[in-house]
Amino acid sequence: MNSSVNILIGIVVVAWILWRQTQKRPVREDRKPTVLLILLVLGVLQLSSYFKSASSTGLVIGLLVGSLVLAAGFGVVRGYTVRLWRQDGQLFRQGTWLTIVLWLAGIGVHIGLDALIDSSAKGLGSASILLYLAVSLGTQRLVVQSRANHAVRV
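Now for a quick tour of the structure.

Scoring rules and cut-offs
Residues numbered from 1 in each chain as written. Predicted model: local features only at pLDDT ≥ 70, side-chain atom pairs only at ≥ 80, totals over all residues. Heavy atoms only, no water. Pairing = 2+ DSSP bridges. Helix = DSSP H or I, 4+ residues; strand = E, 2+ residues; numbered from the N terminus. Axes fitted to C-alpha atoms, helices over the stretch in contact; angles between N-to-C directions. Parallel < 35°, antiparallel > 145°, perpendicular 65-115°, else oblique. Left-handed = near helix turned anticlockwise from the far one by under 90°. Contact = heavy atoms within 4.5 Å. Nonpolar A, V, L, I, M, F, W, Y, C, P; charged D, E, K, R; others polar.

### Some points on the sheet that holds strand S1 (residues 25-26)
Ordered by their spatial adjacency, three strands build an open sheet running S1-S3-S2, and the pairing between neighbours is antiparallel. The sheet terminates laterally at S1 and strand S2 (83-87), the two strands that pair on one side only. The sheet contact formed by S1 and strand S3 (residues 90-94) spans two bridges and is antiparallel. Considered in S3, the bridge of Pro 26 is made with Phe 92.

Quick look at the structure:
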């Protein structure tokens, strides 16, 4: 896929994620990570397509790993910004304005890598956006679930 298509797909997915983050939803342990798996598979496919036309130098691999570490870091921090509360015996979750700001900042940092790096890794940010989103969302999910499990015991 070309860079424009990757960016368009990324924007649509991000808009959907941001919308979902602000919705009041019950916390359920039995919920399968379907969206995460879809993002992960599409992200790996997108990235493999990138590597077919770009060289996988140490710089490129380092930037990719660094970006995914940042994704996990933003996910952990965002996980603590999600509001948890009980209502009628059910535990609920909802992202706050800070959750959204952190999403936007994290994506900005990820995409900003393209502007900062030399031509050997151009397009890496847009080619790895879905994988970045999967790692970030998955990490946030783990933190929220951990907090919810603790809230259930208390």
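There's more to say after this.
### A few points about the pairing of S2
Across five bridges, the pairing between S2 and S3 is antiparallel. Directly across from Arg 83, in S3, lies its bridge partner Gln 94.

### Considering the packing of helix H2 (residues 34-53) against helix H3 (residues 58-79)
The description of two packed helices rests on the angle between their axes and on the distance between the axes. Closest axis-to-axis distance for the H2/H3 pair is 13 Å, and the angle between their directions is 165°. Comparing their axes, H3 and H2 come out roughly antiparallel. Note that H2 runs across H3; the crossing there is right-handed. Residues Leu 47, Tyr 50 and Phe 51 of H2 form the contact with H3, whose own contacting residues are Val 60, Ile 61 and Leu 64. Of the residues contributing to the contact of H2 with H3, the split by class is six nonpolar, no polar and no charged.

Keep in mind these values describe shape, not function.
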